[in-house]
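# Descriptive structure summary
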Amino acid sequence: MVRGIRGAITVESNTSEAICEASRRLLTTIVERNRIELEHIISVFFSSTKDLDAQTPAYGVRQMGWTAIPLFCTQEMEVPGSLPGCVRVLVHVNMEKSQDEIRHVYLDGAVVLRPDIAEGG
């Protein structure tokens, strides 16, 4: 069964290092909380806000060795009043868990996006 896991994290500054560190932390947390084996990940879709243009989130994740997993980045749609400095992710995974068992991950300032399901840091 294919499942989607959502997540988001805010980034401290528009630097390559900050974007990469936040992206790695977000994906690592998603994998740990959902007990995912990397070979079961189908693809990862990232979006980042317009103010984060120093690096792509995928670059940081590739540094973790995720070289065989398709990673895709795009810019988040600009909506007035939306959360700045944010990387969002949708991970597609082959897994047997039900939708109710999936643990979506919202870290740092991104907790405000989905306080109903966020577990925080």
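Everything discussed here concerns the structure shown above.
Model, not experiment: these values are computed from the prediction.

### A few points about unusual backbone geometry
Residue R35 is not a glycine yet carries a positive backbone phi of 50 degrees. Mapped onto the elements of the fold, R35 is located in the loop between helix 1 (16-34) and strand 2 (41-48). Since its relative accessible area comes to 77%, R35 is described here as exposed. Unlike most non-glycine residues, D108 shows phi in positive territory, near 55 degrees. Position of D108 among the secondary structure elements: in the segment after strand 5 (105-107). Overall, the relative accessible area of 38% leaves D108 in the partly exposed class.

### Side note on the sheet that holds strand 4 (residues 86-94)
Ordered in space as 3-2-4-1-5, the five strands form an open sheet in which the pairing is mixed. Edge positions in the sheet fall to strand 3 (71-75) and strand 5, since each has one partner strand and no second. Direction aside, the axes of adjacent strands within the sheet are offset by 15 degrees on average. One ladder, built from three bridges, connects strand 1 (residues 2-10) with strand 5; its direction is parallel. Residue pairing across strands places G7 opposite V105, the latter belonging to strand 5. Packed onto the sheet, helix 1 meets strand 1, strand 2, strand 4 and strand 5 and runs at close to 140 degrees relative to strand 1.

Criteria and cut-off values
- Residues numbered from 1 in each chain as written.
- Predicted model: local features only at pLDDT ≥ 70, side-chain atom pairs only at ≥ 80, totals over all residues.
- Heavy atoms only, no water.
- Helix = DSSP H or I, 4+ residues; strand = E, 2+ residues; numbered from the N terminus.
- Buried < 20%, exposed > 50% of the residue type's maximum accessible area, 1.4 Å probe, protein only.
- Pairing = 2+ DSSP bridges.
- Axes fitted to C-alpha atoms, helices over the stretch in contact; angles between N-to-C directions.
- Contact = heavy atoms within 4.5 Å.

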